[in-house]
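Chain by chain, the residues run as shown.
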Amino acid sequence: MKKIILSLIAVLISVASFAQQPGGQRREFKPEDTAKRRADQIKETAKINDEQYKKVYDLFLKQAKDQQAKMKQAQQGGARPQFNREEMQKQQEATTKALKGILTEEQYKADEKAQQERRQRFGQGGNRPGGNRPGGNRPGGNRPGGNRPGGNRPGGNRPAKM
C-alpha cells in the first residue's frame, strides 16, 4: 500500500512540475527556418534560380523577423498577441507584389497553384463551397441533428415520460 501511495505522489509531482514549465510544449519558431521552408517550397514549385532563391529567402526572412518582433512586443506587454486582419492583408499584398517582382509570371502562377493545392489538402479551403467550416456555413455544421436542441433524439430536450 505504501508503494502505491508513494508511486502516486511521484507521478503527481512530475505532472505538476511538467505543467509549470515555461512555454510548455511550445515549439520555438526561428525566422531563418520559416524563411528557408517557404523559399524551399517556391524553389520546388516554381523552379527558381539561385539569385531568385536568395531574394525570396531575404523577403521571407524580413517578414518572419517582423512577425516575431510583433509577437515578442505583445508578449512583453502582458497581452495576448492581437492580429489585425487589415494589417495582415496589407502585409500579404506587399509580399505578393514583391514576389511578382522577383519571379516570372509563369513561376508566380506555378507557386500560386501549388499553394492552392496545399490549402485544399490541409483543409483550409480557399474556394471550397460552404466556406472554410467543415460543415459548410450551416448553423450546426456537420453535427448530427444540426442546430436542434437535443440533437437527433426524438422530442428534443424534453425529459422522457415515465
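About the thresholds
Chains are numbered independently. Their residues run from 1 in the order of the written sequence. With the structure being a predicted model, the display of local features is reserved for residues of pLDDT at least 70 and the display and counting of side-chain atom pairs for 80 or more, all residues being used for whole-chain, interface and lining totals. The side-chain values count all of the structure's non-hydrogen atoms but skip hydrogen atoms and water molecules. To get an axis, fit a line to the C-alpha atoms, keeping to the stretch in contact for a helix; angles then go from 0 to 180 degrees between the N-to-C directions. In DSSP terms, a helix is any run of H or I states spanning at least four residues, a strand is any run of E spanning at least two, and both are numbered starting from the N terminus. The scheme is simple: roughly parallel for angles under 35 degrees, roughly antiparallel for over 145, roughly perpendicular for 65 to 115, oblique for anything else. It is the rotation of the near helix from the far one that decides the hand of a crossing: anticlockwise by less than a right angle makes it left-handed, clockwise makes it right-handed. In this analysis, two residues are considered to be in contact whenever any of their non-hydrogen atoms come within 4.5 Å of each other. Burial here depends on accessible area, computed with a 1.4 Å probe over protein chains only, as a share of the maximum for the residue type. Under 20% is buried, over 50% is exposed, and the range in between is partly exposed. Residues belong to a common nonpolar core when they are buried Ala, Val, Leu, Ile, Met, Phe, Trp, Tyr or Cys residues joined through side-chain atoms within 4.5 Å. Per-residue confidence from the predictor is given as pLDDT, running between 0 and 100. Any pair of Phe, Tyr and Trp rings, taking the six-membered ring for Trp, is counted once the centres come within 6.5 Å. Such a pair is stacked with planes under 30 degrees apart, edge-to-face with planes over 60 apart, and tilted for the rest. Think of it as a cone above the ring: NZ of Lys or CZ of Arg counts as a charge over the ring if it is within 6 Å of the ring centre and within 35 degrees of the ring normal.

**Student:** Could you clarify how one ought to interpret the packing of helix α2 (residues 31–46) against helix α5 (residues 105–121) in this entry?
**Tutor:** The description of two helices packed together rests on the angle between their axes and the distance between the axes. Interaxial distance between α2 and α5 falls to 8 Å at its minimum, and their mutual angle equals 115 degrees. Between α2 and α5, the angle is such that the two are roughly perpendicular. Note that α2 runs across α5; the crossing there is right-handed. Counting all contacts with α2, which are made through Arg38, Gln41, Ile42, Thr45 and Ala46, the residues of α5 involved are Gln107, Ala110, Asp111, Ala114, Gln115 and Arg118.

**Student:** Whenever I open this one, unusual backbone geometry confuses me. Can you help?
**Tutor:** Backbone phi values are negative for most residues with the exception of glycine, while trans is the configuration of most peptide bonds. Here the phi dihedral of lysine 47 falls at roughly 55 degrees; this positive angle occurs in a residue that is not glycine. Along the polypeptide, lysine 47 turns up in the loop between α2 and α3 (50–76). A relative accessible area of 64% means that lysine 47 is categorised as exposed.

**Student:** Is there a simple way to explain the nonpolar core in this structure?
**Tutor:** It is characteristic of soluble globular proteins that their nonpolar side chains tend to be buried jointly. Ile42, Ile48, Val56, Tyr57, Phe60, Leu99 and Leu103 are the most contacted members of the largest nonpolar core, which totals 15 residues. Contributing elements (two or more residues each) for this core: α2, α3 and α4 (85–102). Here the element with the most residues in this core is α3; it accounts for six residues. Beyond its immediate chain neighbours, meaning those up to four positions away, tyrosine 57 contacts Glu32, Ala35, Lys36 and Ala39.

**Student:** For this particular structure, what's the right way to read the confidence of the model for the protein?
**Tutor:** If pLDDT is low for a region, its predicted coordinates should not be looked at in detail. Overall, the predicted model of the protein reaches an average pLDDT of 74, with 58% of residues at or above 70. Mean pLDDT values for the elements of the protein range from 61 in helix α1 (residues 2–19) up to 92 in α2. Predicted confidence for residues 128–133 stays below pLDDT 50, and this span has twelve contacts to residues more than four positions away or in other chains.

**Student:** Help me out: how do you make sense of the packing of aromatic side chains in this one?
**Tutor:** Think of a pair of aromatic rings as described by two things: how far the centres are apart, and how the planes are tilted against each other in angle. Inspection of the entire model under this criterion finds zero aromatic pairs. A cation over a ring is seen here: lysine 43 above tyrosine 53, with NZ or CZ 5.2 Å from the ring centre.

**Student:** In this structure, what is going on with the environment of glutamine 68? I would like to understand it.
**Tutor:** Inspection of the secondary structure assignment puts glutamine 68 in helix α3. Remark: the alpha-carbon pair of glutamine 68 and phenylalanine 29, spanning 39 residues in sequence, is separated by 8.6 Å. Aside from chain neighbours lying at most four places away, what touches glutamine 68 is Glu28, Phe29 and Pro31.

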